[in-house]
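What follows is each chain in one-letter form.
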Amino acid sequence: MSDKRLIYLDNNATTPTDPRVVDAMLPFFHNVPGNAASRNHPFGWAAEEAVDYARDQISKLLDVDSREIIFTSGATESDNLAIKGVFEMYAKKGNHIITLKTEHKAVLDSCKKVEKMGGEVTYLDVDDKGLVNLADLEAAIKPSTIMISIMWANNETGVIQPMKEIGEMCAKHGVLFMSDATQAVGKIKTHPKELGIHLMAFTSHKMYGPKGVGALFVNRKNPRVKVTSQMDGGGHERGMRSGTLNVPGIVGFGAAAEIARKEMDADAARLSVLRDKLENAFKENLEEVYVNGDVNNRMPHVCNISFKHVEGEGLMMTFNQEVGVSSGSACTSASLEPSYVLIAYGLGDDLAHSSIRFSLGRFTTEQDIDETIEMVSKGVNHMRDLSPIWEMYKEGVDLESVVWQEH
Amino acid sequence: MAYSEKLLDHFKNPKNVGTLDKSDSNVGTGLVGAPECGDVMRLQIQVDAEGIIEDAKFKTFGCGSAIASSSLATEWLKGKSLDEALAIDNMAIVEELALPPVKIHCSVLAEDAIKGAIEDYKSKNS
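Worth saying up front: this structure is predicted, and the values here are computed from it rather than measured.

Taken residue by residue, the interface counts 31 residues in chain B and 28 residues in chain A. Where chain B abuts chain A, roughly 2,600 Å² becomes buried across the two surfaces, and 67% of that area is made up of carbon and sulfur atoms. Considering only the surface of chain B that becomes buried against chain A, F11(B), E36(B) and F61(B) emerge as the three largest contributors, covering 24% of it. Counting across the chain B and chain A interface gives three salt bridges. The closest approach of N and O atoms between K59(B) and E391(A), which form a salt bridge, is 2.9 Å. Our count for the contact surface shared by chain B and chain A stands at 10 residue pairs in polar contact (both at pLDDT 80 or more). Those elements giving two or more residues to the side of chain B that touches chain A turn out to be α1 (5–12), β1 (27–34), β2 (39–47), β3 (53–61), α2 (64–77) and α5 (104–124) of chain B. Here the residues of the side of chain B that touches chain A are counted per class, giving 18 nonpolar, seven polar and six charged.

This is the structure in C-alpha cells:
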C-alpha cells in the first residue's frame, strides 16, 4: 500500500483491531505462554484465568451465562457447528431446518451439507426490503422441523430481521432458534435470551477484535441445547469444540467485547449520522440512485446503494486507490453472478451489478465521508459518460425493449 | 487483483470515447453484451472511401477490463482496412492488457463488437 491516506469503508468485511485490544493481547504471546488446558502449573492457570475473564466480558455483552459461550475459530465455524451440530444431535426429533435465501454462505453451505446428510432444508424468500415474511415462516414449520436459522443483520445490506417475532414463533412451536449474528454483535444490542434465541454465532474480527477467533452462544437452560461436536479431540469447550484455545485471540475478543459494551451506542449514533450524510449526498448529487434494503430496519453503519447504468467493479476502479469498499457486481467474484442477496430482494441483475456497499466503522471520520462523497460522485459521472446504456437512457430509449446479445 | 499499467491507463484515460452518427452510411455500429450480464459494449467505426477505418469510438458499461479492452480496440482499429480489422483476435487484447483469466470474456466481447461494427457497415454498403 502506498503512503497516501486511505479510506476504509469495508468494515463489514472485517474491522481494524482496536489498538486497546492489541495492547490487551500482547502479553499473551510471550509473557503468558500457557495452554489454558494445562491444569497443573501456573502457566496454564494464568492462561485459563485470562480465558475465563474474556468469556465473562463476552457474556456480559450478550447478557448470558459465561458457560454458554463456546469459543471457535470464527463465525464460519460457529455457523457450521450450530447447524450440523444441531442436525446431528436432534436427529431423533426431526430433520428439517428452515433458513433464508439471503443468509451468509457459511449458513447456506452448512445447510446444503445437512441435505447431503439426509436432512431437509427450506430456503425462504425475503420481500423486496430483504425481510422475512413471518406468515411464510410459520407456514413452513412442520412436525419434523428442529431449527430455524435466520441471521440477525445481513452482511451486504445491514437489514435487520424481526428477531423478537421469530423468537416468539420458535417458542410457540418448540423449534430451536439459531441466528448468525456476526454483523450485529458489538454494533447493536444483541441479548439472545431476551429474544428467545438458542444458538448465536458471531466473531471477533467484525467488532474490532482480532481475526481467527469466534464464538457460538449455546443456551444452557430452558431449553438445555446441545450440539454434536464437529471437531473431535481433547474435549475442550464442554466437549462441543476440541482444540487448544487461542488464548491471545480470546483475550482480544474479550477486550473488544468490553469496549463494544461501553461504546457501541455512541459509535452507532455517530455512524448513522455519517452514513446518512453519505447516502443523502449521493441522492442529491446524482440521478438514478437506489438504496437497497429496508432503510427502517438496518444497521446504523451500512449503506448498500446501486448507481444505475454503472457497473460496480468499474466504478470501484475509479476510486479504489483511495477508498476501500465492496460491490455486489459479478465482476468482483469468480462466479460472474451478481450478489445472490440483492437478487433475492428482487433487484434486477443490472441493479445488482451496479451496487456498492459502504460499511463504516469506529475509525471512520467525517473527513473520510466528505472525501468519499466527492470521489464516488466523480467516479459515477465518469462511468456514466462512458456508458452506452446511460446515453440510451438519457435519449429516452426504453432499455427493456432493446434486444441485447447476452453472452 | 492487481491490473497491468496498460490496463489501468486505458481505464483512467480511455481513448476514443464517444458517439458517431449511427444513421450515417459510412458508420458501422456494434452493440454487444447485456446490462444483466454486467457489460455492454458499443463500438463504432467510420470508414473512408478507400475502405480504411478513419475513426473509431466506443462507449462501454462494464468493469475496468471491459472498458480498457474497448479503448484498446478503438486504438487498433484506426487506420486498418476492414479485412485487417476482422483479423484482430481477442487473445491479442488479452496479451496486450495482461487480462487475468476471469476477464478474458471482456476481450471476447471487444472482438464481437468489432465484428458487429464491420458487419453493420457492410450491410449498409452492400
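Within a sheet, each strand pairs with its neighbour through backbone hydrogen bonds, oriented either parallel or antiparallel. Residues and elements named next belong to chain B. An order of β1-β2-β3 is seen for the three strands of this open sheet, with the pairing classed as antiparallel. With one partner strand each, in any of the chains shown, β1 and β3 form the two edges of the open sheet. Sheet twist, expressed as the average angle between the axes of neighbouring strands with direction ignored, equals 10°. Of the strand pairs in this sheet, β1 and β2 are connected by eight bridges, and their pairing is antiparallel. Counterpart to V27 in the pairing with β2 is Q46. Packing of α2 onto the sheet brings it into contact with β2 and β3, and relative to β3 it is tilted by some 175°.

Residues and elements named next belong to chain A. Counting across every chain of the model gives one cavity of 30 Å³ or more. Its volume calculated, the largest cavity comes out at about 90 Å³. Taken together, the residues that form the lining of the largest cavity break down as six nonpolar, two polar and two charged. Formed jointly, the lining of the largest cavity draws a minimum of three residues from each of two domains, domain 1 (7–12 + 264–398) and domain 2 (19–259).

To continue, consider the domain arrangement of chain A. Residue and element names in this part refer to chain A. Taken domain by domain, chain A consists of domain 1 (7–12 + 264–398) and domain 2 (19–259). Summarising the inter-unit geometry, the C-alpha centres of domain 1 and domain 2 are found 30 Å apart. Opposite the 24 residues of domain 1 that make contact, domain 2 presents 32 residues. Summing both sides of the interface, domain 1 and domain 2 together bury roughly 2,400 Å²; the carbon and sulfur share of this comes to 56%. Where domain 1 meets domain 2, there are zero salt bridges.

Residue and element names in this part refer to chain A. Taken in spatial order, the four strands of this open sheet run β9-β10-β13-β12, and their pairing is antiparallel. Whereas interior strands pair on both sides, the edge strands pair on one side only; in this sheet they are β9 (289–291) and β12 (326–327). Where β9 lies against strand β10 (residues 302–307), three bridges are found, and the strand directions are antiparallel. When the sheet's bridge partners are listed, Y290 is paired in β10 with S306.

On to helix α3 (residues 75–89) of chain A, then. The α-helix winds at 3.6 residues per turn, so residues separated by three or four positions along the chain end up facing the same way. Residues and elements named next belong to chain A. With 15 residues, α3 should cover 21 Å at 1.5 Å per step; its first-to-last C-alpha distance of 20 Å lies within 8% of that length. With 11 of 15 residues buried, α3 is to be regarded as a mostly interior element. A75, E77, S78, D79, L81, A82, I83, K84, G85, V86 and F87 are the residues of α3 that are buried.

Our next topic: the packing of aromatic side chains. Residues and elements named next belong to chain A. Overall, the coordinates contain six aromatic pairs over all chains when judged by the stated rule. With a centroid separation of 5.3 Å and 85° between ring planes, the pair formed by F282 and F307 is classed as edge-to-face. Here the residue F282 occupies a position in helix α8 (residues 247–285), and F307 occupies one in strand β10, the gap between them amounting to 25 residues. Relative to F358, the ring of F282 lies with its centre 5.4 Å away and its plane at 35°, an arrangement referred to as tilted. Note that F282 is positioned in helix α8 and F358 in strand β13 (residues 355–359), a separation of 76 residues in sequence. Taking the relative accessible area as the measure of exposure, F282 reaches 0% and is therefore buried. An aromatic cluster of three or more residues is present, and its members are F71, F202 and F253. Cation over ring: K105 sits above Y340, and NZ or CZ is 4.4 Å from the ring centre.

With 67 residues, the main nonpolar core has F71(A), L137(A), I148(A), W152(A), M200(A) and F202(A) as its most contacted residues. Per-element accounting of this core gives the leading share, 10 residues, to α8(A). Setting aside anything within four residues of it in sequence, one finds L137(A) in contact with I98(A), L124(A), V132(A), I148(A), I150(A), I166(A) and M169(A). The next biggest cluster of nonpolar side chains, apart from the first, holds 62 residues, and it includes F307(A), M316(A), I45(B) and L77(B).

Summing up the model confidence of chain B, the mean pLDDT is 94 and the portion of residues at 70 or higher is 99%. Looking across chain B, the model is least confident in α1(B), with a mean pLDDT of 94, and most confident in β3(B), with 97.

Parameters and conventions
Residues numbered from 1 in each chain as written. Chains lettered and ligands numbered in written order. Predicted model: local features only at pLDDT ≥ 70, side-chain atom pairs only at ≥ 80, totals over all residues. Heavy atoms only, no water. Contact = heavy atoms within 4.5 Å. Buried area = accessible area lost by both parts, 1.4 Å probe. Salt bridge = Lys/Arg side-chain N within 4 Å of Asp/Glu carboxyl O. Polar contact = N/O pair within 3.5 Å; in protein donor to acceptor, adjacent residues only side chain to side chain. Helix = DSSP H or I, 4+ residues; strand = E, 2+ residues; numbered from the N terminus. Nonpolar A, V, L, I, M, F, W, Y, C, P; charged D, E, K, R; others polar. Pairing = 2+ DSSP bridges. Axes fitted to C-alpha atoms, helices over the stretch in contact; angles between N-to-C directions. 1 Å grid on protein atoms, 1.4 Å probe; cavity = no way out; pocket = protein on both sides within 12 Å on 5 of 7 lines; lining within 4 Å. Points joined across faces, edges and corners; volume = space filled by probe spheres on them. Domains from an automatic or database assignment. Expected span 1.5 Å × (residues − 1). Buried < 20%, exposed > 50% of the residue type's maximum accessible area, 1.4 Å probe, protein only. Phe/Tyr/Trp six-rings, centres within 6.5 Å; stacked < 30°, edge-to-face > 60°. Lys NZ or Arg CZ within 6 Å of the ring centre and 35° of its normal. Core = buried A, V, L, I, M, F, W, Y, C linked by side-chain atoms within 4.5 Å. pLDDT = per-residue confidence, 0-100.

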